[in-house]
Amino acid sequence: QVQLVESGGGLVQAGGSLRLSCAASGRTFSRYGMGWFRQAPGKEREFVAGINWSGDSTEYADSVKGRFTISRDNAKNTVHLQMNSLKPEDTAVYYCARRRQYSSSQYYPTEYDYWGPGAQVTVSS
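Here the structure is a predicted model, which is why all the values come from computation and not from measurement.

Procedures and definitions
Residues numbered from 1 in each chain as written. Predicted model: local features only at pLDDT ≥ 70, side-chain atom pairs only at ≥ 80, totals over all residues. Heavy atoms only, no water. Helix = DSSP H or I, 4+ residues; strand = E, 2+ residues; numbered from the N terminus. Buried < 20%, exposed > 50% of the residue type's maximum accessible area, 1.4 Å probe, protein only. Lys, Arg positive; Asp, Glu negative; His and termini not counted. Salt bridge = Lys/Arg side-chain N within 4 Å of Asp/Glu carboxyl O. Polar contact = N/O pair within 3.5 Å; in protein donor to acceptor, adjacent residues only side chain to side chain. Phe/Tyr/Trp six-rings, centres within 6.5 Å; stacked < 30°, edge-to-face > 60°. Disulfide = S-S within 2.5 Å.

Draft legend 1. Spatial organisation of the side chain of Glu6. Structurally, Glu6 is set in strand S1 (residues 4-7). An unpaired buried charge is present at Glu6: no salt bridge exists, and Arg45, the closest side chain of opposite charge, is 7.6 Å distant. Within the local environment of Glu6, its side chain forms a polar contact with the backbone nitrogen of Cys96, the two atoms lying 2.9 Å apart. A distance of 2.8 Å separates a polar atom in the side chain of Glu6 from the backbone nitrogen of Gly118.

Here it is in structure tokens:
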């Protein structure tokens, strides 16, 4: 069984920065791609960023490109999301998730099989 736990959320003013971390249990972490999603009240869960198993390939939603950076440390079973120049519209619960093996796309929640409980990020204007 895989467990994912996010940390690092909180309240920040617009223009500020936060760094989210996701700690994963299990010995197969390095075999899987990972992703960050977010869900604002009344909205669907949306893709934020993804990273492949080795960390040398990343993808971002257009809304966060140039402001957010995803990274991973396979030795520590962790994945991070550095969020800079935060905007009020970034306010949401942020989830890390493990991508299914052999999935065809990293942009949809259905392509991920394990999820963390989420971390609240609130950006005030």
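After that view of the structure, there is still more to cover.
Draft legend 2. Focus on the packing of aromatic side chains. According to the stated counting rule, one finds six aromatic pairs in the structure shown. When the centroid spacing of 5.0 Å and the interplanar angle of 80° are considered together, the rings of Phe47 and Tyr107 count as edge-to-face. Taken together, the residues Phe47 in strand S5 (residues 46-51) and Tyr107 in the loop between strand S9 (92-99) and strand S10 (112-115) connect sequence positions 60 residues apart. Residue Phe47 is classed as buried on the basis of its relative accessible area, which comes to 8%. A relative accessible area of 37% means that Tyr107 is categorised as partly exposed.

Draft legend 3. Up close: the state of the cysteines. Counted by the stated rule, this structure contains one disulfide. Through a disulfide, Cys22 is tied to Cys96; the S-S separation comes to 1.9 Å. On the sign convention where negative is left-handed, the bridge of Cys22 and Cys96, at about 45° about the S-S bond, is right-handed. Here Cys22 is found in strand S3 (residues 18-24), whereas its partner Cys96 is found in strand S9, with 74 residues between them in sequence. The class of Cys22 is buried, set by a relative accessible area of 1%.

Fair warning: the whole summary comes from geometry, so function is off the table for now.
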